[in-house]
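Analysis of the macromolecular model
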Amino acid sequence: MPLFQSREWGAELRELDERRERAHQMGGPENLARARERGMLNARERVDRLVDEGSFTEFGALAGKGRYGKQGELESFTPSTHVLGVGRIGGRKTVVISDDFSIRGGSSEAAVAEKWIYSDRYAHEYRLPMVRIVHSSGGSVNLPMQMGYTKIPGYALLPSVPLLGLAPVVGIVMGPAAGLGAIRACTAHFSIMVRGQGQVFAGGPPVVRQALGITVDKEDLGGWGVHKANGVVNNGADSEEEALAQAGRFLSYLPSNVYQQAPRVAPADPPASSQAWLNDAIPRDRRKVFDPKRILKALFDTDSIFEMSPQFGGSLITCLARLKGYSVGVMINNPRVMGGALTRTAAQKLERFVDLCDTFHLPIVNLVDQPGSMTGPEAEREGTIGAVLRASAAIEQSSVPWLAVVIRRCFGLAGGMLSPWNGANGMALPHRFAWPSARWGSIPIEGGVDAAYAKDIAAAPDPQARRAELEALAHAVGSPLRTAERFGVVDVIEPATTRALLANWVEDAYAACADKLGPKPRTMR
């Protein structure tokens, strides 16, 4: 019933109330029950689980398709396949749009396209974060058959790409995300897929069968097993609730838009506390690896590490974290995957991550153990060097403060990418430190000695002893302390004091970012 009675417009208010009630019934009891049996939330339940309780204001609930009798009376009403509105996530206003798969599988045929166009435009106009919950079977030939004409693909009023340079965007794949659905899910700063339930593909199995003569199911075509290592989707989730929680957590590290700074939260532990075990975190034996995630946990606020794309470009770990409650972007090489070398996929991951941090004015901490760009026949066939150069350009185009700590290796072109050399304004500050375990140069000493002194080693009475002698001499010359003598690094520090160094720096970094708020000339792509 209407909230208030009206003598003049009672009939219209009752019809309005009836239409809203039909919209909330979505695809009807049978379709909703079928979804519940499969363990899925419906479109409105997903929104309710995402936003703060009671904070959602819906737009366009009346949009859809009505059928009318001879006297113009409403006989039936099918709502649009989108639930759209503004709610609060962690207290901050956010635009949310959720596909209603209970109506024709969320097909674009049954959608009112103006609603998802409007959602992007609203977020763009009011500089608000946006979450798209995508569950759509894509387009259908039925729509142009109904319209009686076709059109060139695309939507002139859709600001999806400009929005990436203005406010945070999250895509959550809750079911099939075909064609347009895939675009909506992945044109985002952060995308999440529910494992075993969500799929992303340009065209579904019927399209593939017709075009290529290949029979494949949805999961094998575009499920998590396909996308976890190719970077199309950032993170996986084991349930819808986990996916929604990841979306909220990701947004908590970012500002509402590029004209603001990320909110500071109260740190859970003392930011300057030392970790004595860090002094032995790097093995002296250069053939032994270390645990990079343990180092991350020691250096940043408790439980503040949020890793992105863990299975894509695994030789590089990228994450959002907090220092004294301040949000920062963090990178650390992972020697447990490809020795930590910069592979093609790791370079792509680095490029995107630096662009994300730069867009939203997050200072970057780089913990460097970089043996160099991946080499070998396969790496060359993949075009690794091209991806590395793009990543290097992203670093040089960034204008946020960087702090780099070389914790072990720093070699070759990839080693030179520890922070900007010139930066966007040509005045990047080389704020670089090292642990005593650091070594750097054009190439690693072991291979370099073999290349430079091949004849000397071969002519020696004991070649192995001569090689060891030359390597020992090279390692002495390569001490970071000698570089520090020439101020090639700001300082060589005791590893256990690293956290205090970072915590002291982050305040200066945020003060510097405060004067540079606003969109970047080159935004996310």
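Calculation notes
Residues numbered from 1 in each chain as written. Predicted model: local features only at pLDDT ≥ 70, side-chain atom pairs only at ≥ 80, totals over all residues. Heavy atoms only, no water. Salt bridge = Lys/Arg side-chain N within 4 Å of Asp/Glu carboxyl O. Helix = DSSP H or I, 4+ residues; strand = E, 2+ residues; numbered from the N terminus. Buried < 20%, exposed > 50% of the residue type's maximum accessible area, 1.4 Å probe, protein only. Core = buried A, V, L, I, M, F, W, Y, C linked by side-chain atoms within 4.5 Å. Contact = heavy atoms within 4.5 Å. Axes fitted to C-alpha atoms, helices over the stretch in contact; angles between N-to-C directions. Parallel < 35°, antiparallel > 145°, perpendicular 65-115°, else oblique. Left-handed = near helix turned anticlockwise from the far one by under 90°. Nonpolar A, V, L, I, M, F, W, Y, C, P; charged D, E, K, R; others polar.

1. Concerning the pattern of salt bridges
What the rule picks out here adds up to 17 salt bridges. With a closest N to O distance of 2.7 Å, arginine 390 and glutamate 351 form a salt bridge. Of this pair, arginine 390 sits in helix 15 (residues 384-397) while glutamate 351 sits in helix 13 (residues 344-359), and the two are 39 residues apart along the sequence. Since its relative accessible area comes to 47%, arginine 390 is described here as partly exposed.

2. So, the nonpolar core
Membership of the largest hydrophobic core comes to 99 residues, with the highest contact counts inside it found for Ile172, Phe250, Ile295 and Phe300. The element contributing the most residues to this core is helix 13, with seven residues. The residues contacting phenylalanine 300, other than those within four sequence positions of it, are Ile305, Ala321, Arg322, Leu323, Val328, Val330, Val365, Leu367, Arg499 and Leu502.

3. Here's the deal with the packing of helix 13 against helix 15
As a packed pair, helix 13 and helix 15 sit with axes 8 Å apart at the nearest point and diverge in direction by 15°. Here helix 13 is positioned roughly parallel relative to helix 15, judged by the angle of their axes. At the point where helix 13 passes helix 15, the crossing takes the left-handed sense. When helix 13 is examined against helix 15, the residues Arg344, Ala347, Gln348, Leu350, Glu351, Val354, Asp355 and Asp358 are found in contact with a partner set consisting of Thr384, Ala387, Val388, Arg390, Ala391, Ala394, Ile395 and Gln397. Counted by class, the contact of helix 13 with helix 15 contains eight nonpolar, three polar and five charged residues.

4. Considering the packing of helix 3 (residues 43-50) against helix 11 (residues 240-252)
Taken N-terminus to C-terminus, the directions of helix 3 and helix 11 make an angle of 45°; their axes are 9 Å apart at the nearest point. The pairing of helix 3 with helix 11 is recorded here as oblique in orientation. The chirality of how helix 3 crosses helix 11 is right-handed. Counting all contacts with helix 3, which are made through Arg46, Arg49 and Leu50, the residues of helix 11 involved are Glu240, Glu241, Leu244 and Ala247. Each residue belonging to the contact of helix 3 with helix 11 can be placed in one class, and the counts come to three nonpolar, no polar and four charged.

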